[in-house]
Amino acid sequence: MRAAIFDCFSGASGNMILASLLNVTLTERDLEDVVRKLNLNLDFKVKQVSRKGISAPLIEVSEGSGKTRTFKEVAGLIRGSELDSRVKAESLKVFERLAVAEGRVHGRDYRKAVFHEVGGDDAIFDIVSAVTGILRLMDMGYRVFTTPVVTGREFAETMHGRYPIPAPATLEIARESRLKLVIDGEGELLTPTGAVILAHFSEGEPPNPLMVREVSYGAGSVEREVPNVLRLILAEVFERDEIAIVETNVDDMSGEDLAFAVERIMELSHDVSVIPALGKKGRPAYIIRAISDMSNAEDVARVMMEHTTTIGVRILPAYHRVKEVRRAGRVEVEVLGRRYEVGVKVAGERAKPEYEDLRRIAIETGISMSRLREIVKREMDEAANRE
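Described below are features of the structure shown in this document. (Residues numbered from 1 in each chain as written. Predicted model: local features only at pLDDT ≥ 70, side-chain atom pairs only at ≥ 80, totals over all residues. Heavy atoms only, no water.)

### A look at the overall build of the protein
Across its full length, the protein carries eleven helices and 19 strands. Taken across its 387 residues, the protein has 45% of its residues classed as buried. Restricting the contact set of the protein to residue pairs at least 6 apart, pairs at least 24 apart contribute 68%. Entry remark: accessible area of the protein is about 20,100 Å², with carbon and sulfur atoms responsible for 49%. (Helix = DSSP H or I, 4+ residues; strand = E, 2+ residues; numbered from the N terminus. Buried < 20%, exposed > 50% of the residue type's maximum accessible area, 1.4 Å probe, protein only. Contact = heavy atoms within 4.5 Å. Areas by Shrake-Rupley, 256 points an atom, 1.4 Å probe, with all protein chains shown as cover.)

Following this line, the structure appears as structure tokens:
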């Protein structure tokens, strides 16, 4: 699997994300095209700087006139532009996420949210350009991850006055994402613009181990105690881990006792299976097999011995298991005129609705589980087509 990892040891801002993508998936010509297609009133300059000895591009933007825009105005600007349709769609989603966060902070409908610092031409430039670059990474087969993001602390001056760091909108954005925050550092390191771009694309912390293929840096505007850069790591990730197969044979248990034992074993395991077998003297038997982390294999064996009739358990180490990276999501579906949220586990091209959510809806509505799975799949397919 290919992984694009934003390493946020010094936070992240829109221009840092953008700079880290330069000469990877973006060129200066691409940035000029964004300015032209959106008719933005700004100039930008790319220069190479050193941050504590690390050489990185810095994008300096000089805006002709700052603007305060509503979400509706920003959306209209993007929709009416000559941008690629996919860039438009994802940029609108990023700004909607930002508007929802702002609306929650200020207690108003997000569609009426007013963007101050993040509504100017420079913020629109950062977000749309970053979206362009990240979509190109994804087209190259990369999935996006982020290390824990250092946010900074203390206070910052805003249009609303003196606000704590992390900014309220930044925390709202993070709350609805897979980002992990580290509230530490000097000044404001994670801006709302940087947070919303990462929140929209990141699948969370990167899996390990990985093989580094390319490293790129994007510089922040000021010098700090640590190198003020955002590091973009392009890597190959090999999903391997160490597990144990814990198993035993039984031939003298009732079905009810066996089912109860499986429930207890499952509490400590990734998976449990019961396999029919032929035991001694032709007796029908079962192989109880559990997959667990190596670290708690002996605990699984102990529970297996407590709740079955066995007097011995095998622990078989399994090294270098290859597995799909899984991620969790949620989808909203309509059933008999009511809206329900269903958790979904996604692995590669496969998606599986959460059983407990389907069970709850089936009990409330009387609709079969198989029919509910069809409804969830249709909703996911439609959402994918809209994107």
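Moving on from the model shown.
### Things to note about the sheet that holds strand β12 (residues 229-237)
Read across the open sheet, the four strands follow the order β6-β1-β12-β11; overall the sheet is mixed. Two strands close off the open sheet at either side, each with one partner strand: β6 (142-146) and β11 (210-219). The sheet shows a mean angle of 20° between the axes of neighbouring strands, taken without regard to direction. For strand β1 (residues 2-7) and β12, the ladder comprises six bridges, and the chain directions are antiparallel. Across the sheet, Arg-2 pairs through a bridge with Glu-236, a residue of β12. (Pairing = 2+ DSSP bridges. Axes fitted to C-alpha atoms, helices over the stretch in contact; angles between N-to-C directions.)

### Some thoughts on the packing of aromatic side chains
Within the structure shown, the criterion is met by one aromatic pair. Summarising the aromatic geometry, the rings of Phe-44 and Phe-125 are spaced 5.5 Å apart at their centres and angled 25° between planes, so their arrangement reads as stacked. Residue Phe-44 is found in strand β2 (residues 42-51), and its partner Phe-125 is found in helix α5 (residues 121-139); the two are separated by 81 residues along the sequence. Residue classification places Phe-44 among the buried residues on the basis of a relative accessible area of 19%. Of the residues examined, Phe-125 reaches a relative accessible area of 0% and is grouped as buried. Of note, Arg-264 hangs over the ring of Phe-260, and the distance from its end group to the ring centre comes to 4.8 Å. (Phe/Tyr/Trp six-rings, centres within 6.5 Å; stacked < 30°, edge-to-face > 60°. Lys NZ or Arg CZ within 6 Å of the ring centre and 35° of its normal.)

### Considering the environment of Arg-178
With respect to the helices and strands, Arg-178 occurs in the loop between α6 (168-175) and β10 (181-182). Sequence spacing of Arg-178 and His-200 is 22 residues, and the spatial spacing of their C-alpha atoms is 9.1 Å.

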